[in-house]
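# Fold and contact review
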Amino acid sequence: MTDPNIEPPYVAAADRYESMHFRQVGSRGPKLPAISLGLWHNFGDDVPLMNQRAILRRAFDLGITHFDLANNYGPPYGSAEKNFGRIFSEDFAGYRDELIISSKAGWDMWPGPYGFGGSRKYLLSSLDQSLTRMRLDHVDIFYSHRPDHDTPIEETAGALISAVQQGKALYAGISSYKPEGTQKIADLLADAGVPLLIHQPSYSMVNRWIEPELLGTLDAIGAGVIAFSPLAQGMLTDRYLDGIPADSRAAQGKSLNPDWLTDDHIGHLRALNDIADARGQSLAQLALSWALRDPRVTSVLIGASSVEQLENNVAALDNLDFTDDELAQIDQHAEDFGINLWDL
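## A closer look at the pairing of strand E10 (residues 297-302)
Taking burial as the measure, the 6 residues of E10 include 6 buried ones, the bulk of the element. Pairing of strand E9 (residues 224-227) with E10 involves 3 bridges; the strand directions are parallel. Note on E10: the bridge partner recorded for Ala 227 is Val 300.

## Focus on the sheet that holds strand E8 (residues 196-200)
The sheet built from 8 strands closes into a barrel, its strands ordered E3-E4-E5-E6-E7-E8-E9-E10 with parallel pairing. Direction aside, the axes of adjacent strands within the sheet are offset by 30° on average. In this sheet, strand E4 (residues 66-68) lies alongside strand E3 (residues 35-38) in parallel orientation, the contact comprising 2 bridges. Its bridge partner lying in E4, Leu 37 is registered against Phe 67. Packing of helix H4 (residues 153-165) onto the sheet brings it into contact with strand E6 (139-144) and strand E7 (169-175), and relative to E7 it is tilted by some 155°. Sheet strands touched by helix H5 (residues 179-191): E7 and E8. Its angle to E8, the strand with the most contacts, is close to 155°.

## Describing helix H6 (residues 214-221)
Residues Leu 214, Leu 215, Thr 217, Leu 218 and Ile 221 constitute the buried set of H6. Looking straight down H6, one finds that the buried residues subtend no more than 160° of arc, so they occupy a single side. What points out from H6, more than 90 degrees from its buried face, is the exposed set Asp 219 and Ala 220. Those residues of H6 hidden inside the fold are in contact with H5, E8, E9 and E10.

## Quick look at the pattern of salt bridges
As a working rule, side chains carrying opposite charge can pair if their charged atoms are close by. A full pass over the atoms with the stated rule returns 18 salt bridges. A salt bridge links Arg 86 to Glu 90; the nearest nitrogen and oxygen atoms lie 3.2 Å apart. Taken together, the positions of Arg 86 and Glu 90, both in helix H2 (residues 79-92) and 4 residues apart, correspond to about one turn of that helix. Residue Glu 90 is classed as partly exposed on the basis of its relative accessible area of 42%. A salt bridge links Asp 242 to Arg 270, with the nearest nitrogen and oxygen atoms 3.7 Å apart. Of the two residues, Asp 242 is situated in the loop between E9 and helix H7 (249-252) and Arg 270 in helix H8 (residues 263-278); the sequence distance between them amounts to 28 residues. Accessibility expressed as a relative area gives 73% for Asp 242, which makes it exposed. Connected through shared salt-bridge partners, Arg 53, Arg 57, Arg 86, Glu 90 and Asp 91 make up one network.

## Some details on the environment of Arg 239
Relative to the helices and strands, Arg 239 resides in the loop between E9 and H7. Put simply, Arg 239 and Ile 185 are 54 residues apart on the chain and 39 Å apart in space, counted from C-alpha to C-alpha.

## Overview of the nonpolar core
In this structure, Leu 37, Phe 67, Met 205 and Leu 310 are the most contacted members of the largest nonpolar core, which totals 100 residues. Every residue in contact with Leu 310, bar those within four places of it in the chain, is listed here: Leu 37, Ile 55, Arg 58, Ala 59, Leu 62, Ile 64, Ile 302 and Ala 304. Counting 11 residues, the second largest nonpolar core, distinct from the first, contains Leu 32, Ile 100, Tyr 143 and Trp 342.

## Focus on the packing of helix H1 (residues 49-61) against H2
Look at H1 against H2: their axes get within 10 Å of each other, and the N-to-C directions meet at 55°. Classed by the angle they form, the pair H1 and H2 counts as oblique. Our pair here, H1 against H2, has a crossing hand that is right-handed. Within the contact between the two elements, H1 uses Leu 49, Gln 52, Arg 53, Leu 56, Arg 57 and Phe 60 and H2 uses Asn 83, Phe 84, Arg 86, Ile 87, Glu 90, Asp 91 and Phe 92. Tallied by class, residues from the contact of H1 with H2 come to 6 nonpolar, 2 polar and 5 charged.

## A few points about the packing of aromatic side chains
The final tally for this structure, using the stated rule, is 13 aromatic pairs. Aromatic pair Tyr 10 and Tyr 95: ring centres 6.0 Å apart, planes at 65°, arrangement edge-to-face. With Tyr 10 in the segment before strand E1 (22-24) and Tyr 95 in the loop between H2 and strand E5 (100-105), the pair connects residues that are 85 residues apart, well separated along the chain. Tyr 95 shares its class with Tyr 10; the two are buried. With centroids separated by 5.9 Å and ring planes inclined at 70°, the aromatic side chains of Phe 67 and Phe 92 adopt a geometry described as edge-to-face. Of this pair, Phe 67 sits in strand E4 while Phe 92 sits in helix H2, and the two are 25 residues apart along the sequence. Accessibility expressed as a relative area gives 0% for Phe 92, which makes it buried. Chaining the aromatic ring pairs together yields one cluster made of Tyr 10, Phe 60, Phe 67, Phe 84, Phe 88, Phe 92 and Tyr 95. We note Lys 104 situated over the ring of Tyr 143; from NZ or CZ to the ring centre the distance is 5.8 Å. Between Arg 146 and the ring centre of Trp 107, over which it is positioned, the NZ or CZ distance is 4.5 Å.

Conventions and cut-offs
- Residues numbered from 1 in each chain as written.
- Predicted model: local features only at pLDDT ≥ 70, side-chain atom pairs only at ≥ 80, totals over all residues.
- Heavy atoms only, no water.
- Buried < 20%, exposed > 50% of the residue type's maximum accessible area, 1.4 Å probe, protein only.
- Helix = DSSP H or I, 4+ residues; strand = E, 2+ residues; numbered from the N terminus.
- Pairing = 2+ DSSP bridges.
- Axes fitted to C-alpha atoms, helices over the stretch in contact; angles between N-to-C directions.
- Contact = heavy atoms within 4.5 Å.
- Arc of directions from axis to C-beta.
- Salt bridge = Lys/Arg side-chain N within 4 Å of Asp/Glu carboxyl O.
- Core = buried A, V, L, I, M, F, W, Y, C linked by side-chain atoms within 4.5 Å.
- Parallel < 35°, antiparallel > 145°, perpendicular 65-115°, else oblique.
- Left-handed = near helix turned anticlockwise from the far one by under 90°.
- Nonpolar A, V, L, I, M, F, W, Y, C, P; charged D, E, K, R; others polar.
- Phe/Tyr/Trp six-rings, centres within 6.5 Å; stacked < 30°, edge-to-face > 60°.
- Lys NZ or Arg CZ within 6 Å of the ring centre and 35° of its normal.

Encoded structure:
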């Protein structure tokens, strides 16, 4: 007799690859799903594990094969990796070869001078800790999470090279590097036979800093692009069209400054929402589709606080085509809001 209190083992949906779009990572490497799941928020100890498990299971059933983490995701720091590691071991260990799992180090993780930045000591120590928390012997992608102007870029590159050469990461990536730093670290990696696979910049309709130079630099290098915060920390949703909800990121001070929600900005958001409505999309779906309009963008990283939110965002893939008129209308309102927190 089956115990009703014991949840049956997870078995992935047989049709999980039928509707997801996959894109080549630049000119090399594996393909990534057009939408990837980031664990920046909603996977710390402040969220029930059963909620996290439900989101991860549904994501994989929808064809999301890439789970993106970092050492200090939580809260508290490290808890997202620890929680993911438990769920991975219980639900996804048998699917490991179908998954791309990434982590990063660069922002603050532990006290003192060795728990922050781009030094060899910090990056490689952090990677070892991440692998332990996630119960893995390697990650697929290990990122330098940020440029560190106090550490020679040669040292940061050397740490990424060692991570790959030691078999603790299959590929090297960077996040939030500007074009000049991107080119320099790519050259250093290439000299060691460890090509730069991918860059993870912030990018959205209201944060377009990568368009003038970085996209071209990465295209020339042959690296892919995975955009984080494509919904502008939640601004590109319908949550803020009529004010600031009490339970929102802006109200709680979670990476969305309420001062950014000016009358002018909200006016642009409402106009973009009207464009989305005419396309049969939500504002969030429009924002995700728009970020994927450029073939140089391999994937967009979304967060999710519920299965319903995840499903709604993935539905953006149902309408990826834009007319020239739609793009022109969007450009009238998709202006830079000055919200790039990662401009280093």
